[in-house]
Amino acid sequence: MTTTASRAPLPAATSRRRTFNPRRAAAWALLVLAIAVSVLPFLWVLRTALSTNNALATNATSLLPAEFSFGAFKRVFGLQTAAEAVAEGGSGAQIDFWLYLRNSIIFSSITTAGAVFFSAMAAYAFARLRWKGRNAVFSLFLGTMLVPPIFTALPNFLLIKNLDLLNTMLGMVLPYLFMTPFAIFFLRQFFLNMSREVEEAAMLDGAKHLRIFFQIVLPNAAAPIATLALLTFIGQWNEYFWPLLVGSQDDVRVLQVGLGVFKSQSPQGAPDWSGLMAATLISALPVLILFAAFGKKIVNSIGFSGIK
Amino acid sequence: MKKSLGAVAVAAAVALSLSACSGSSSSAEASKGEINYWLWDANQLPAYQQCADDFSKANPDIKVKITQRGWDDYWSTLTNGFVGGTAPDVFTNHLGRYGELAEKKQLLAIDDAVKKDNIDLTAYNEGLADLWVGQDGKRYGLPKDWDTIGLFYNKAMLASAGITEDQMKNLTWNPEDGGTYEKVIAHLTVDKSGKRGDEPGFDKNNVAVYGLGLNGGGDSSGQTEWSYLTNTTGWSHTDKNPWGTHYNYDDPKFQESMGWFAGLADKGYMPKLETTVGAAMADTFAAGKSAINAHGSWMIGQYTGYKGVEVGIAPTPVGPKGERASMFNGLADSIWAGTKKKDASIKWVEYLASADCQDVVASKAVVFPALKASSDKAAAAFAAKGVDVTAFTEHVKNKTTFLYPITDNTAKVKGIMEPAMDAVVSGKAPASSLTQANEQVNALFK
Amino acid sequence: MTTLAKRSRSLSPAPDKPKRNGGLRQLGDLKIALLFIAPAMIGFIVFYVVPTVRGVYLSFTEYSILGDPEWVGMENYTAIAKDPLFWNSLAVTGQYVFLNIVLQTALALGLALLMHQVAKSTIIRGTLLLPYLMSNVIAALLWFWMLDYQIGVVNQFIEWAGLPRVAFFGSEAWAIPTQALINTWRHMGYTALLIFAGLQAIPGHVYEVAKLDGASASQTFRKITIPLLRPVLVLVLVVTVIGSFQVFDTVAVTSGGGPVNATRVIQYYIYQRAFTESDFGYGSAIAVILFLILALVAFIQMKFLKGNESDLD
């Protein structure tokens, strides 16, 4: 480890790097701890997902699955009959997994694309253009971050109803489509940090703002935009409340809402824990794959040459 | 499991419900086509699916589409539907909610149909049909099933403690010393070193198995927590039921009972309230953390389904007046006021309330149907599965039930009583503190 | 160090100083700016401004579902001033926010530096982001179960370690810290990634210059990393604080405001009043107060941390 590290000198490292470096060891120890805290609950999720639900309580603390079974995963994919599910102590509710998955993908992709793109445009205007009232308008936009979501849910629901868009994909995506205050704030911070040299060189060449935006700003901000897109996508993927409110019917129901069937079905009842955990794993999988694919790109697009 | 997020949506829906009422369409349209039906308990889905199939066979021009939604999201989604105009034509209704829904004009009164079709309301278990008559005197539902409270116990634990099933069946309780109920609970409690709760040297701070499990403070109704005790003393929640206008949490009799109840945790015989915020009480019972759980009959499947736990069911204890007591809660099927399939919906509700469907439900041995004859069939079906449910049916036979308190402002009453009861049951406040909460509650009705 | 500052400035000329084309840009950008913010403006007005204005109006009314909202003037606000549960919810939320900021920002900054300097692998970064892939509700339910007093696996470990079990959600002392810890668990990697992205944006040659100047690691950190990271740190801080003030779903699916009132955070109290008890006017009025508090907090943060300016400019 130390030899490889020595080939890539870091600003924090000092010249005594060849021998054992206690600071580095401590850093790694901390990192390992952080990873353990992040990952161990997922192992518990997996262990629970592979258990038979009605054997879970009686084996609450065994570290291995209680009565190993793939039943929970079958339930998530809708491959178990209600009777089989109930026999395993699971939820007998029926779900149409592939349909919900498709809806989730559509919902998350459209909102992410729209919100990131339009927010980037706005952020550009707030960070790079000079116009009267810029800061005031920006503050207003920023102010929306302070509005408790509970406050706006009801009027927005009414609006979607008045537009006759309840239980449609359009109604579900509309409020997220144009911007999120966070995205504007996030990108503006990055645009502020961007070097003006290239941009100004282009200006002198008489390039128009639209061209600057598309050909210079967007490519140069690819990394933060990709990061933002990914984070937005994850947020949208896990969005629960609004899709439940507006898209509760089967044909537009998203995964997070659909998987609610594993929560408690009757008052004071117990949830179908193995079903819920299997569903958690499976619903996180697409995002995980996306991150595995996308995350590398973020890193590569930035490169580490500058730091080395 | 507390409120779901989706409940926010509910609120939204209620607020807007005014606009939801749409005109009913022509009668030809209203008597055929597809009607939507909602229920929350997935365990009952197979039974009702069969009812729907049978119904469609008899009425080929009506189709029933059943949607099941878990309890956590049920009411929020439903209220959204009222507001958004997408509510189901027929849905399973709960006593704790229907007053508000009727008041908001979301429910269709079905008196005329009931009269016209000669529905025999006396065929239902006593009191159930009356529950669904609103303050305005109109009927908003036909009874579907009912539930009472019983004591689920761990057979192995009782055997090793030397407590017989006969003893369990003849428990007595009073608020002064807890009667034989407390003695049994104490004896079933075992600390980490193996000492029982009634033995000298019992360490109440290191308990391995509690004699009695605890679900929570019980908020305003105490349905499964304490009402099966407090209401044996002659106390009742409200001045009259349904539609009482005065709550009685300030009654010294009630406060004495609550003092005794909270004392169980202090003695180490029942988990402290703070330790019960987490897994469901039934799960902790299955994990061997409690020997007896007082719970509702709708939990029979849950308790008897656990692997590796032998469960028995005993009736709730006999109180100081010589009688047992159990809250009697009933569900019904109601019709949404905004339905476009009024006639078909009425037909379906009447079918759901008929012996044809309720016998099917009975045969699945999941819940007790509302019809007397079907209830007996359900008991037989449970027995065939090896589950003796007399602890629950006995309450109805012996008329030792009292109704779920139905009043206005139930949500606000709950909002006040939940923290107040938590404080008492957790020992942070004396039972006499309920007097002040009671004043707040009764102020709502002025 | 002074040379460093000079050199880094030369990388990007300060825009506020008069320069070649300053005058031209001053006036010419308004039209194009309007074009750029037009889509966002639609979303802003339709889905944020209009509902907010409606909510503010409702806060001056008694709106109990039945009938129309009835104007009551300041009545809701005077009632709130005397409502012990409101003040309790403020205190509870304050405690939660404080714990969250301290835990989350400190841990995330540490993690980001570790990511940046020690562990460059995407896999490690992805691993740390795992909790964020789980939705709030599910994460809360998962911990609700793992932290259960009687059958939770965490308490089992605590007992194996010879310590007394902890009533994480139920004891008044632990309830809020537990909520904050769950939130920190889910957001730690995410926040670290934000800061990490900011670290990436710092031009490498700034560090080279520092090295040439013979700056030590801690000097580099204090004099270069932190100042250049400031816009991102402000972003993270503001988002964390605002997000923490609006904690709702983890409480709603776990302790539900209890035990007694220990987790009745402000957003949950709004929900309870407005939605469960259908007192819309009252709930809206609390929401308006929450909004004002948040605005004040954000204003102070921006003012003191000067998040609007980048030191690179």
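Computed from a predicted structure; not experimentally measured. (Residues numbered from 1 in each chain as written. Chains lettered and ligands numbered in written order. Predicted model: local features only at pLDDT ≥ 70, side-chain atom pairs only at ≥ 80, totals over all residues. Heavy atoms only, no water.)

(A) Inspection of the overall build of chain B at higher detail. When helices and strands are tallied, chain B shows 20 helices and 12 strands. In chain B, which comprises 446 residues, the proportion classed as buried is 63%. A fraction of 74% describes how many contacts in chain B between residues 6 or more apart in sequence connect residues 24 or more apart. Of the accessible surface of chain B, which amounts to about 15,700 Å², a share of 49% is contributed by carbon and sulfur atoms. (Helix = DSSP H or I, 4+ residues; strand = E, 2+ residues; numbered from the N terminus. Buried < 20%, exposed > 50% of the residue type's maximum accessible area, 1.4 Å probe, protein only. Contact = heavy atoms within 4.5 Å. Areas by Shrake-Rupley, 256 points an atom, 1.4 Å probe, with all protein chains shown as cover.)

(B) Representation of the overall build of chain A within the structure. A count of helical and extended segments in chain A gives 16 helices and 0 strands. Here chain A holds 308 residues, and 63% of them are scored as buried. In chain A, of all internal contacts separated by at least 6 residues, the share reaching a separation of at least 24 is 67%. Only carbon and sulfur atoms are counted for the fraction: they give 67% of the accessible area of chain A, which is about 12,000 Å².

(C) Representation of the environment of Asp239 of chain B in the model. All names here are of chain B. Of note, Asp239 is situated in the loop between α11 (227-230) and α12 (252-267). Distance in space between the C-alpha atoms of Asp239 and Pro405 is 10.0 Å, their sequence separation being 166 residues. Other than its neighbours up to four places away in sequence, Asp239 contacts Gly244, Thr245, His246 and Asn248. Within the structure, the side chain of Asp239 is placed 3.0 Å from the backbone nitrogen of Thr245, a separation counted as a polar contact. (Polar contact = N/O pair within 3.5 Å; in protein donor to acceptor, adjacent residues only side chain to side chain.)

(D) Broad picture of the interface of chain B and chain A. Every contact between the two is made by 43 residues of chain B and, on the other side, 35 residues of chain A. Of the roughly 3,300 Å² buried between chain B and chain A, counting both surfaces, carbon and sulfur atoms make up 61%. Taken together, the connections running from chain B to chain A amount to 1 salt bridge. The salt bridge involving Glu67 of chain A is made with Lys307 of chain B; its shortest N-O contact spans 3.1 Å. Taken together, the links from chain B to chain A amount to 4 residue pairs in polar contact (both at pLDDT 80 or more). The set of elements that each furnish at least two residues to the side of chain B that touches chain A consists of α1 (7-16), α3 (45-58), α4 (71-84), α13 (281-286) and α14 (300-305) of chain B. By residue number, the principal contributor to the side of chain B that touches chain A is α4 of chain B, which donates 8 residues. Class assignment for the residues of the side of chain B that touches chain A results in 20 nonpolar, 16 polar and 7 charged. (Buried area = accessible area lost by both parts, 1.4 Å probe. Salt bridge = Lys/Arg side-chain N within 4 Å of Asp/Glu carboxyl O. Nonpolar A, V, L, I, M, F, W, Y, C, P; charged D, E, K, R; others polar.)

(E) Broad picture of the packing of helix α10 (residues 204-212) of chain C against helix α11 (residues 217-245) of chain C. Residues and elements named next belong to chain C. Where α10 meets α11, the axes come as close as 11 Å, and the angle between the chain directions of the two elements is 165°. One element, α10, and the other, α11, form an angle in the roughly antiparallel class. Crossing of α10 over α11 shows right-handed handedness. Every residue of α11 that contacts α10 at Val206, Tyr207 and Ala210 is listed here: Thr220, Ile224, Thr225 and Leu228. For the contact of α10 with α11, a count of residues per class yields 5 nonpolar, 2 polar and no charged. (Axes fitted to C-alpha atoms, helices over the stretch in contact; angles between N-to-C directions. Parallel < 35°, antiparallel > 145°, perpendicular 65-115°, else oblique. Left-handed = near helix turned anticlockwise from the far one by under 90°.)

(F) Structural view of the side chain of Thr67 of chain B. All names here are of chain B. Among the secondary structure elements, Thr67 is positioned in strand β2 (residues 62-68). With relative accessibility at 13%, the residue Thr67 sits in the buried group. With residues near it in sequence (within four places) discarded, Thr67 still touches Tyr37, Trp38 and Leu39.

(G) Fine view of the confidence of the model for chain A. Residue and element names in this part refer to chain A. With 87% of its residues at a pLDDT of 70 or more, chain A shows a mean pLDDT of 80. Within chain A, helix α1 (residues 2-7) has the poorest average pLDDT of any element, 39, and helix α9 (residues 169-177) the best, 94. Here residues 1-17 is a poorly scored stretch, pLDDT under 50, and it has 17 contacts once near neighbours within four places are set aside; other chains count. Overall, residues 299-308 carries pLDDT values under 50, and its contacts beyond four positions in sequence, including any with other chains, amount to 17 contacts. (pLDDT = per-residue confidence, 0-100.)

(H) Seen up close, the interface of chain A and chain C. The interface of chain A with chain C comprises 101 residues on the first partner and 106 residues on the second. At the boundary of chain A with chain C, total buried surface from both sides reaches about 9,800 Å², with 76% on carbon and sulfur atoms. Scanning the region where chain A abuts chain C turns up 4 residue pairs in polar contact (both at pLDDT 80 or more). At 17 residues, the largest contribution of residues to the side of chain A that touches chain C is made by helix α2 (residues 22-49) of chain A.

(I) The arrangement of a nonpolar patch on the surface in detail. A cluster of nonpolar side chains, namely Phe117, Leu210 and Phe214 of chain A together with Leu35 of chain C, defines an oily patch on the protein surface of about 340 Å² accessible area. Inspection of the secondary structure puts Phe117 of chain A in helix α6 (residues 97-128). By relative accessible area, which is 31% here, Phe117 of chain A ends up partly exposed. (Patch = residues over 30% accessible without salt bridge, like charges linked within 9 Å, V, L, I, M, F, W, Y side chains within 5 Å.)

(J) Up close: the nonpolar core. Counting 209 residues, the largest nonpolar core has Phe126 and Phe191 of chain A as the members making the most contacts within it. Formed jointly, this core draws a minimum of three residues from each of two domains, domain 1 (43-94 + 263-308) and domain 2 (98-254) of chain A. Setting aside residues no more than four positions away along its own chain, Phe126 of chain A makes contact with Trp131, Arg134, Val137, Phe138, Phe141, Ile184 and Arg188 of chain A together with Ile37 of chain C. Of all hydrophobic cores here, the second largest spans 89 residues; its members include Ile66, Trp71, Trp132 and Val360 of chain B. (Core = buried A, V, L, I, M, F, W, Y, C linked by side-chain atoms within 4.5 Å. Domains from an automatic or database assignment.)

(K) Region of the structure containing the side chain of Gln179 of chain C. Residue and element names in this part refer to chain C. Within the fold, Gln179 resides in helix α9 (residues 175-201). Here Gln179 falls in the buried class, since its relative accessible area comes to 0%. Once you skip the residues sitting within four places of it in the chain, Gln179 turns out to touch Tyr96, Phe169, Thr250, Val251, Thr254, Ser255 and Thr263.

(L) How the structure looks around the environment of Met299 of chain B. Structurally, Met299 of chain B is set in the loop between β8 (290-296) and α14. Take Met299 of chain B: its relative accessible area is 1%, and that puts it in the buried class. Each C-alpha atom, one on Met299 of chain B and one on Val366 of chain B, is 8.9 Å from the other, the two residues being 67 residues apart in sequence. When near neighbours in sequence (up to four residues on either side) are disregarded, Met299 of chain B contacts Pro267, Gln268 and Gly269 of chain A together with Phe152 and Ala282 of chain B.

(M) Spatial organisation of α9 of chain A. Among the 9 residues in α9 of chain A, 8 count as buried, and that is most of the element. Every buried residue of α9 of chain A is accounted for by Met169, Gly171, Met172, Val173, Leu174, Pro175, Tyr176 and Leu177 of chain A.

(N) Expanded view of the packing of aromatic side chains. Counted according to the given criterion, the structure contains 66 aromatic pairs over all chains. Here Trp226 of chain B and Phe254 of chain B contribute two aromatic rings whose centre-to-centre distance is 5.3 Å and whose plane-to-plane angle is 65°, an arrangement assigned as edge-to-face. With Trp226 of chain B in the loop between β7 (207-212) and α11 and Phe254 of chain B in helix α12, the pair connects residues that are 28 residues apart, well separated along the chain. The residues Trp226 of chain B and Phe254 of chain B share a single accessibility class, namely buried. Three or more aromatic residues joined by ring pairs make a cluster, and in this case those are Trp146, Phe152, Phe285, Tyr303, Phe328, Phe368, Phe382 and Phe392 of chain B. Across the ring face of Trp44 of chain A, the terminal group of Arg47 of chain A is positioned such that the distance to the ring centre comes to 4.2 Å. Sitting over the ring of Tyr282 of chain C, Arg273 of chain C keeps its end group 4.1 Å from the ring centre. (Phe/Tyr/Trp six-rings, centres within 6.5 Å; stacked < 30°, edge-to-face > 60°. Lys NZ or Arg CZ within 6 Å of the ring centre and 35° of its normal.)

(O) Here's a closer look at the pairing of β8 of chain B. Residue and element names in this part refer to chain B. With 7 of 7 residues buried, β8 is to be regarded as a mostly interior element. Of the pairings in the sheet, the one linking β7 to β8 comprises 2 bridges and is parallel in character. Paired with Tyr210 across the bridge in β8 is Ser290. (Pairing = 2+ DSSP bridges.)

(P) Examining the sheet that holds strand β5 (residues 149-154) of chain B more closely. All names here are of chain B. As summarised here, the arrangement of the 5 strands in space is β6-β7-β8-β5-β9, forming an open sheet in which the pairing is mixed. Each having just a single partner strand, β6 (190-191) and β9 (311-314) make up the two edges of the open sheet. Pairing geometry for β5 and β8, over 5 bridges, is antiparallel. Counted as the bridge partner of Gly150 is His295 from β8. The sheet strands contacting helix α18 (residues 390-397) are β5, β8 and β9, and the helix crosses β5 at an angle near 160°.

(Q) Spotlight on unusual backbone geometry. The amide bond that connects Asn241 of chain B to the next residue, Pro242 of chain B, takes the cis arrangement and shows omega of 0°. Here Pro242 of chain B lies in the loop between α11 and α12. We note that Asn167 of chain A has phi near 60°; this positive angle belongs to a residue other than glycine. Checked against the element boundaries, Asn167 of chain A lands in the loop between α8 (149-162) and α9. The backbone phi angle of Trp243 of chain B is positive, close to 65°, even though this residue is not glycine. Mapped onto the secondary structure, Trp243 of chain B falls in the loop between α11 and α12. Residue classification places Trp243 of chain B among the buried residues on the basis of a relative accessible area of 11%.

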